[in-house]
Amino acid sequence: MKHQGLVMADDAPTSSEQKGQSKSGIIALVALVVVSTGSSFGASYFLSPGEPAEPGVCKPDSVANLISTASPEKDLEYTEIREIITTIGAAPADKYLKLNLAIATPPGKSKLVTDSEPILIDAFIKYLRAIETSDFENPDFYPKMRDQLSWRAELILGGKVSKGVLVTEFLLR
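Since the model is a prediction, treat every value here as computed from it, not as a measurement.

Rules of the game
- In this convention, every chain numbers its residues from 1, walking through the sequence in written order.
- With pLDDT at 70 or above as the cut-off, local features in this predicted model cover only qualifying residues; side-chain atom pairs require 80 or more to be listed or tallied, and sums for whole chains, interfaces and linings still use all residues.
- Side-chain measures here rest on the full set of heavy atoms in the structure, leaving out hydrogens and waters.
- Strands here mean DSSP runs of E at least two residues long; helices mean DSSP runs of H or I at least four residues long; both are numbered from the N terminus.
- To estimate how far a helix should extend, the number of its residues minus one is multiplied by 1.5 Å.
- To sort residues, take the accessible area from a 1.4 Å probe on protein chains only and compare it with the maximum for the residue type: under 20% means buried, over 50% means exposed, and anything in between is partly exposed.
- Contacts are residue-level and defined by heavy atoms, with any inter-residue pair within 4.5 Å sufficient.
- Only Phe, Tyr and Trp rings are paired, with Trp represented by its six-membered ring, and only when their centres lie within 6.5 Å; those with planes under 30 degrees apart are stacked, over 60 edge-to-face, the remainder tilted.
- Side-chain atoms within 4.5 Å link the members of a nonpolar core, which is a set of buried Ala, Val, Leu, Ile, Met, Phe, Trp, Tyr and Cys residues.

(A) Helix α5 (residues 141-157), seen in detail. With 17 residues, α5 ought to run about 24 Å at 1.5 Å a step, and its terminal C-alpha atoms sit 24 Å apart, in line with that. Within the sequence span of α5, burial applies to Phe141, Met145, Leu149, Ser150, Arg152, Ala153 and Leu157. Those residues of α5 that are buried lie in contact with β3 (95-105), α3 (110-115), α4 (117-129) and β4 (165-172). Just downstream of α5, Gly158 is the residue with a positive phi angle, here 100°.

Have a look at this one:
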């Protein structure tokens, strides 16, 4: 007989039922740990970028050919965005960066750049603020910075609109 809120001795679980419940709880916990570990590994393995490419050896002749063949693409428009001025490094932020950029787009797409300019500048500033002052001392850093800015422009504008970022002015003080 049950009374509200009371369990009679006949209704109490037996010790074998309690053991079965604790075993199933442990099995469920182990399964949860295995599944979460597997999904974490899978996410980090499949979403991480591939191995970095080997640095190429640059020969003097190839540099001369590269410089002589470098010319602006005729089928792209270059849209200047507002000047970016931001502080660099940790507190006290006594250094600042002044940067002028142009976004390369196919003809007729420059309006998308001007319409998205506040979002582009916000994304660029967030990246630039994360850079340490020591990074600017490494000459290999500048192409990486431009690639990062291009990647952010492509995320915002889309790959069919953004075809790269040109640094038209760079001043670090």
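(B) Local environment of the side chain of Thr79. When you line up the elements, Thr79 lands in strand β1 (residues 77-80). Those residues in contact with Thr79 that lie beyond four places of it in its chain are Leu101, Ala102, Ile103, Thr105, Ser110, Val113 and Thr114.

(C) Representation of the packing of aromatic side chains within the structure. All told, the structure shown has 5 aromatic pairs when counted by the stated rule. Between Phe136 and Phe170, the ring centres sit 5.9 Å apart and the planes meet at 50°, which makes this aromatic pair tilted. One end of the pair, Phe136, is in the loop between α4 and α5; the other, Phe170, is in strand β4, and 34 residues separate them in sequence. Under the relative-accessibility criterion, Phe136 is labelled buried at 6%. With centroids separated by 5.4 Å and ring planes inclined at 85°, the aromatic side chains of Tyr142 and Phe170 adopt a geometry described as edge-to-face. Residue Tyr142 is found in helix α5, and its partner Phe170 is found in strand β4; the two are separated by 28 residues along the sequence.

(D) Spatial organisation of the nonpolar core. Residues Ile103 and Phe124 are the most contacted members of the largest nonpolar core, which totals 22 residues. For this core, the secondary structure elements donating two or more residues are β2 (84-88), β3, α4 and α5. The residues contacting Ile103, other than those within four sequence positions of it, are Glu77, Tyr78, Thr79, Ile81, Val113, Leu120, Phe124, Ala153, Leu157, Ser162, Gly164 and Val165.

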